[in-house]
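Residue strings, one per chain:
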Amino acid sequence: MQFDLIGPISPAVISTIFIVILLSIIFVIAGIRVKKMDPAKTPKGFMFLMIVIVDFFNKFLSGYITEKRRFNFFAPYLFTILIFLAVANISSLFGMTAPLSNIGVAMSFSILTFIMVRVTEFKFSTLKGKFNSLVGPVKALAPIMVPINLIGEFSTPFSMGLRLFVNLLSGAIITAIFYGLLGLIGGLFAGVALHAMFDIFFGLIQAFVFFMLSTVNLSMASEA
Amino acid sequence: MFDSIFNSVIRFATEYNEHFANGMAYLGAGIAVIGGLGPGIGQGFAAGKAAEAVGRQPEAQSKILVTTLVTQAVAETTGLYGLVIAILLIFAR
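Residues numbered from 1 in each chain as written. Chains lettered and ligands numbered in written order. Predicted model: local features only at pLDDT ≥ 70, side-chain atom pairs only at ≥ 80, totals over all residues.

**Student:** Can you walk me through the overall build of chain B in this structure?
**Tutor:** When helices and strands are counted, chain B shows 4 helices and 0 strands. The order of α-helices and β-strands along chain B, N terminus first, is α-α-α-α. The C-alpha atoms of chain B give 24 Å as radius of gyration, which overshoots the globular expectation for 93 residues (12 Å, by more than 25%). By principal-axis analysis of the C-alpha atoms, chain B measures approximately 85 × 20 × 10 Å. (Helix = DSSP H or I, 4+ residues; strand = E, 2+ residues; numbered from the N terminus. Rg over C-alpha atoms; globule rule 2.2 N^0.38 Å.)

**Student:** Looking at this model, I keep getting lost on the interface of chain B and chain A. Mind explaining?
**Tutor:** The accessible area lost on association of the parts is a frequent measure of interface size. Tallying the contact residues gives 10 residues for chain B and 12 residues for chain A. Mapped onto the side of chain B that touches chain A, the elements with two or more residues apiece are helix 3 (61-75) and helix 4 (77-91) of chain B. Considering every element that reaches the side of chain B that touches chain A, the biggest residue donor is helix 4 of chain B, with 5 residues. Class assignment for the residues of the side of chain B that touches chain A results in 9 nonpolar, 1 polar and no charged. (Contact = placed C-beta atoms within 7 Å. Nonpolar A, V, L, I, M, F, W, Y, C, P; charged D, E, K, R; others polar.)

**Student:** Would you mind going over the packing of helix 6 (residues 142-223) of chain A against helix 3 of chain B with me for this structure?
**Tutor:** When two helices pack together, their arrangement is given by the angle between the helix axes and the distance between those axes. One way to put it is that helix 6 of chain A packs onto helix 3 of chain B with a least axis distance of 9 Å and a crossing angle of 105 degrees. By the criterion of interaxial angle, the relationship of helix 6 of chain A to helix 3 of chain B is roughly perpendicular. Between helix 6 of chain A and helix 3 of chain B, the contacting residues are R163(A), I205(A), F208(A), V209(A), M212(A) and L213(A) on the first element and V66(B), L69(B), V70(B) and A73(B) on the second. Considering only residue class, the contact of helix 6 of chain A with helix 3 of chain B consists of 9 nonpolar, no polar and 1 charged. (Axes fitted to C-alpha atoms, helices over the stretch in contact; angles between N-to-C directions. Parallel < 35°, antiparallel > 145°, perpendicular 65-115°, else oblique.)

**Student:** Explain the environment of R69(A) here, please?
**Tutor:** Take R69(A): it is sitting in helix 3 (residues 68-89). Counting along the chain gives 55 residues from R69(A) to F124(A), while the straight-line C-alpha distance between them is 9.8 Å.

The following block contains the structure:
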């Protein structure tokens with residue numbers, strides 16, 4: 001387990017870089033091949049898989065963000081985050097350290113969310129609307145409501161990053177405890193259930209939850 | 001004479017304090033994890049209500065499932081804070 005905030009490159013960061021390179025190679029290839037594709041023919045193999053994934057995502061997201069301008073602005077960011085988190089959370093199945101079990105990687109996600117929410121506010125809402133949402137509906141209570149709302153602006157991204165980190169870390173700790181208790185032979189049998197539970201199930205659910213909460217936060221920020 | 005007794009008392013006190021602090025940290029970690037009670041109750045309540053909603057309106061099952069997952073993950077946060085405190089008390093003291 002790595003608890004160093006500052007230090008030499010930790011294994012979690014190395015696996016993050018590896019996943020980023022892998023995913024960018026896959027999606028750059030997909031992007032180049034999509035441009036050369038013949039619209040009249042049915043796509044096959046690799047391209048078919050990519051198109052199915054993107055189409056499923058677009059259909060799912062358009063149920064939550066209906067307006068076209070907002071959808072075009074949010075969809076690429078949300079898709080990137082969903083794919084990266086889903087691959088990163090199941091990456092410990094392939095012998096890498098789960099990137100999100102390092103607090104530095106998880107907190108960078110909360111910084112990313114924070115920046116994205118601010119960019120959304122600048123793009124979609126006016127200064128007056130932002131001011132009104134900070135002050136609240138009752139003007140007399142402004143001295144109490146403004147600090148609370150300002151804390152809320154920072155605490156939402158922070159808790160989102162922390163949620164990712166602790167979920168992945170608790171899975172890693174429980175797996176390590178079971179391996180330590182059961183030894184080699186017992187660990188071989190318990191590992192099947194443990195990794196299925198903590199890496200695949202919880203990891204994918206956390207990726208999905210982070211994506212859904214980003215969607216909700218961004219659409220709330222764009223409507224304020 | 002008095003000096004050596006004083007020194008040994010000081011040494012005993014520092015050693016005792018170290019063990020005392022260790023034990024109290026583990027005890028505090030155990031108490032912090034009691035915070036898991038709240039999310040357990042809350043998630044169970046949310047799951048029960050979701051099951052009720054599916055029973056009443058089976059065609060909306062996928063939307064109810066998504067909403068339940070997200071709200072349960074939000075309700076989980078307080079328990080995770082307790083877990084963070086326990087982990088910090090044990091490992092990063």
